[in-house]
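Observations on the three-dimensional arrangement
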Amino acid sequence: MHAAVIAINDAIEHQDANSTLEALRNPSAHLVEVTSDNAEEYQSALYQAKTTKAAQALAKVCQIM
């Protein structure tokens with residue numbers, strides 16, 4: 001499962017919807033009902049979530065300093 005998560009994160013970071021879809025469909029990811037019709041939506045939502053999470057982590061670190 002760990003390798004699947006790494007592959008998903010890498011595909012999201014490269015902003016390639018087809019690669020993200022392929023990574024999400026990896027059986028090791030244990031995701032169901034991932035459809036090609038939603039590839040762009042998956043990419044967009046996951047990239048936004050990843051960006052938001054990174055910004056929140058940075059803000060938290062800056063508060064500590």
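Residues numbered from 1 in each chain as written. Predicted model: local features only at pLDDT ≥ 70, side-chain atom pairs only at ≥ 80, totals over all residues. Heavy atoms only, no water.

For the protein chain, the helix and strand inventory stands at three helices and zero strands. Along the protein chain, helices (α) and strands (β) appear in the sequence α-α-α when read from the amino end. What you see for the protein chain is a C-alpha radius of gyration of 14 Å, clearly larger than the 11 Å of a compact globule of 65 residues, by over 25%. If one aligns the C-alpha atoms of the protein chain with their principal axes, the spans along those axes are about 45 × 25 × 20 Å. In the protein chain, which comprises 65 residues, the proportion classed as buried is 20%. Looking at charge distribution, the protein chain has the averaged site of its 4 positive side-chain charges lying 14 Å from that of its 8 negative ones. (Helix = DSSP H or I, 4+ residues; strand = E, 2+ residues; numbered from the N terminus. Rg over C-alpha atoms; globule rule 2.2 N^0.38 Å. Buried < 20%, exposed > 50% of the residue type's maximum accessible area, 1.4 Å probe, protein only. Lys, Arg positive; Asp, Glu negative; His and termini not counted. Charge placed at Lys NZ, Arg CZ, Asp CG, Glu CD.)

A surface patch of negative charge is lined by D16, D37, E40 and E41. Tracing the backbone through its elements, the reader meets D37 in the loop between α2 (17–24) and α3 (39–64). (Patch = residues over 30% accessible without salt bridge, like charges linked within 9 Å, V, L, I, M, F, W, Y side chains within 5 Å. Areas by Shrake-Rupley, 256 points an atom, 1.4 Å probe, with all protein chains shown as cover. Salt bridge = Lys/Arg side-chain N within 4 Å of Asp/Glu carboxyl O.)

Now for the confidence of the model for the protein chain. Averaged over every residue, the pLDDT of the protein chain is 95; residues scoring 70 or more account for 100%. Least confident of the elements in the protein chain is α3, whose mean pLDDT is 94; most confident is α2, at 98. (pLDDT = per-residue confidence, 0-100.)

By size, the foremost hydrophobic cluster in this structure holds 11 residues: A4, I8, A11, I12, A17, L21, A23, L24, A29, V34 and A39. Elements supplying a minimum of two residues to this core: α1 (2–13) and α2. Non-local contacts of A29, meaning those with residues more than four positions away in its chain, are made with M1, A4, I8, A23 and L24. (Core = buried A, V, L, I, M, F, W, Y, C linked by side-chain atoms within 4.5 Å. Contact = heavy atoms within 4.5 Å.)

Two numbers describe how α2 lies on α3: the axes approach to 8 Å, and their chain directions differ by 90°. The orientation of α2 with respect to α3, classified from their angle, is roughly perpendicular. Across the interface between the two elements, A17, T20, L21 and L24 of α2 pack against A39, E40, Y42, Q43 and L46 of α3. A class-by-class count of the residues in the contact of α2 with α3 yields six nonpolar, two polar and one charged. (Axes fitted to C-alpha atoms, helices over the stretch in contact; angles between N-to-C directions. Parallel < 35°, antiparallel > 145°, perpendicular 65-115°, else oblique. Nonpolar A, V, L, I, M, F, W, Y, C, P; charged D, E, K, R; others polar.)

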